[in-house]
Amino acid sequence: AQTVTQSQPEMSVQEAETVTLSCTYDTSESDYYLFWYKQPPSRQMILVIRQEAYKQQNATENRFSVNFQKAAKSFSLKISDSQLGDAAMYFCAYRRTDKLIFGTGTRLQVFP
Amino acid sequence: EPEVTQTPSHQVTQMGQEVILRCVPISNHLYFYWYRQILGQKVEFLVSFYNNEISEKSEIFDDQFSVERPDGSNFTLKIRSTKLEDSAMYFCASSGLGTGMGEQYFGPGTRLTVT
């Protein structure tokens, strides 16, 4: 069965600095998708970025980028120039079939 | 920008009562999902739905749960006889692409409190 692990329950960063959130996953599949979702205090799930496993190039979305290491089954999220609005829970997720499998999340605090 | 909507935002019900949670997916999406998140825990998959049929369901989705697309726009989750442990945030999601493909867009959630 596929699993997603986020080993950092909490992280903190100073405004304008860079932070990296870690995620590892376990699968025997070669073709799948990976996502990072943000959940602010409102608890809405907001898609941040996605990565297709068949693509070697790391995905980027403005200040958000990933480091996808397929052989190591690692999928970290880098947030550059952190802003106060980035403070939230961040969930890593894996998708092969219909369902998303989520990690336990990392709470990111941003200090001014 | 199109978005998934859910009603109500908060539902309080007594144990044993039936509840229906409603969702309006993004209009041109064909794949629909329900997830739940117990407070402080991770988001868990409940069920996926396509072409008026359940395509996949989890162990959580037992006989007390059912889903329906009663018309061309709504997608509902019914819990027949609620239990205290059903208290959670329930998220609806939709996708324009099917199995294993693409991102799912989530609604704002319905907070269900069972007393």
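The rules we used
- Residues numbered from 1 in each chain as written.
- Chains lettered and ligands numbered in written order.
- Predicted model: local features only at pLDDT ≥ 70, side-chain atom pairs only at ≥ 80, totals over all residues.
- Heavy atoms only, no water.
- Phe/Tyr/Trp six-rings, centres within 6.5 Å; stacked < 30°, edge-to-face > 60°.
- Helix = DSSP H or I, 4+ residues; strand = E, 2+ residues; numbered from the N terminus.
- Buried < 20%, exposed > 50% of the residue type's maximum accessible area, 1.4 Å probe, protein only.
- Pairing = 2+ DSSP bridges.
- Axes fitted to C-alpha atoms, helices over the stretch in contact; angles between N-to-C directions.
- Contact = heavy atoms within 4.5 Å.
- Buried area = accessible area lost by both parts, 1.4 Å probe.
- Salt bridge = Lys/Arg side-chain N within 4 Å of Asp/Glu carboxyl O.
- Core = buried A, V, L, I, M, F, W, Y, C linked by side-chain atoms within 4.5 Å.
- Disulfide = S-S within 2.5 Å.

### Things to note about the packing of aromatic side chains
Point 1. Throughout the structure, instances matching the rule amount to 20 aromatic pairs over all chains.
Point 2. Relative to Phe106 of chain B, the ring of Tyr37 of chain A lies with its centre 5.2 Å away and its plane at 75 degrees, an arrangement referred to as edge-to-face. On the criterion of chain membership, the pair formed by Tyr37 of chain A in strand E5 (residues 33-39) and Phe106 of chain B in strand E10 (residues 105-106) is interchain, its members lying in two chains. The pair formed by Tyr37 of chain A and Phe106 of chain B is uniform in burial state, with each residue classed as buried.

### A closer look at the sheet that holds strand E1 (residues 5-7) of chain B
Residues and elements named next belong to chain B.
Point 1. With antiparallel pairing, four strands are arranged side by side in an open sheet as E1-E3-E8-E7. The outermost strands of the open sheet, each flanked by one partner alone, are E1 and strand E7 (65-68). The average undirected angle you get between the axes of adjacent strands in this sheet is 20 degrees.
Point 2. Across four bridges, E7 lies against strand E8 (residues 75-79) in antiparallel orientation.

### Some remarks on the interface of chain B and chain A
Point 1. Taken residue by residue, the interface counts 25 residues in chain B and 20 residues in chain A.
Point 2. Summed over both sides, the interface between chain B and chain A buries roughly 2,100 Å², with carbon and sulfur atoms accounting for 49% of that surface.
Point 3. Counting across the interface, chain B meets chain A through two salt bridges.
Point 4. For the salt bridge of Arg50 of chain A with Glu103 of chain B, the shortest nitrogen-to-oxygen distance reads 2.1 Å.

### Details of the environment of Thr13 of chain B
Residue and element names in this part refer to chain B.
Point 1. Here Thr13 is to be found in strand E2 (residues 10-13).
Point 2. C-alpha separation for the pair Thr13 and Pro108, spaced 95 residues apart in sequence, amounts to 20 Å.
Point 3. Apart from residues lying up to four places away in sequence, Thr13 is in contact with Val19, Thr82, Leu112, Thr113, Val114 and Thr115.

### Here we look at the pattern of salt bridges
Point 1. Taken as a whole and judged by the stated rule, the model has eight salt bridges over all chains.
Point 2. Note that Glu52 of chain A is salt-bridged to Arg50 of chain A, the shortest N-O span being 2.7 Å.
Point 3. For Arg50 of chain A, a relative accessible area of 24% gives the class partly exposed.
Point 4. Within the structure, one salt-bridge network assembled from shared partners comprises Arg50, Glu52 and Lys55 of chain A together with Glu103 of chain B.

### With respect to the nonpolar core
All names here are of chain A.
Point 1. Counting 26 residues, the largest nonpolar core has Tyr25, Trp36, Phe75, Leu77 and Tyr90 as the members making the most contacts within it.
Point 2. Listed by contribution, the elements that provide at least two residues to this core are strand E3 (19-21), E5, strand E6 (46-52), strand E8 (64-69), strand E9 (74-79), strand E10 (88-95) and strand E12 (106-111).
Point 3. The biggest single contributor to this core is E10, with four residues.
Point 4. Other than its neighbours up to four places away in sequence, Leu77 contacts Val19, Thr20, Leu21, Trp36, Val48, Ile49, Phe64, Ser65, Val66 and Tyr90.

### Description of the state of the cysteines
All names here are of chain A.
Point 1. Applying the stated criterion across every chain, the model contains two disulfides over all chains.
Point 2. Each sulfur of the disulfide joining Cys23 and Cys92 lies 2.0 Å from the other. On the sign convention where negative is left-handed, the bridge of Cys23 and Cys92, at about -70 degrees about the S-S bond, is left-handed. On the criterion of sequence distance, the pair formed by Cys23 in the loop between E3 and strand E4 (24-26) and Cys92 in strand E10 is long-range, its members being 69 residues apart.

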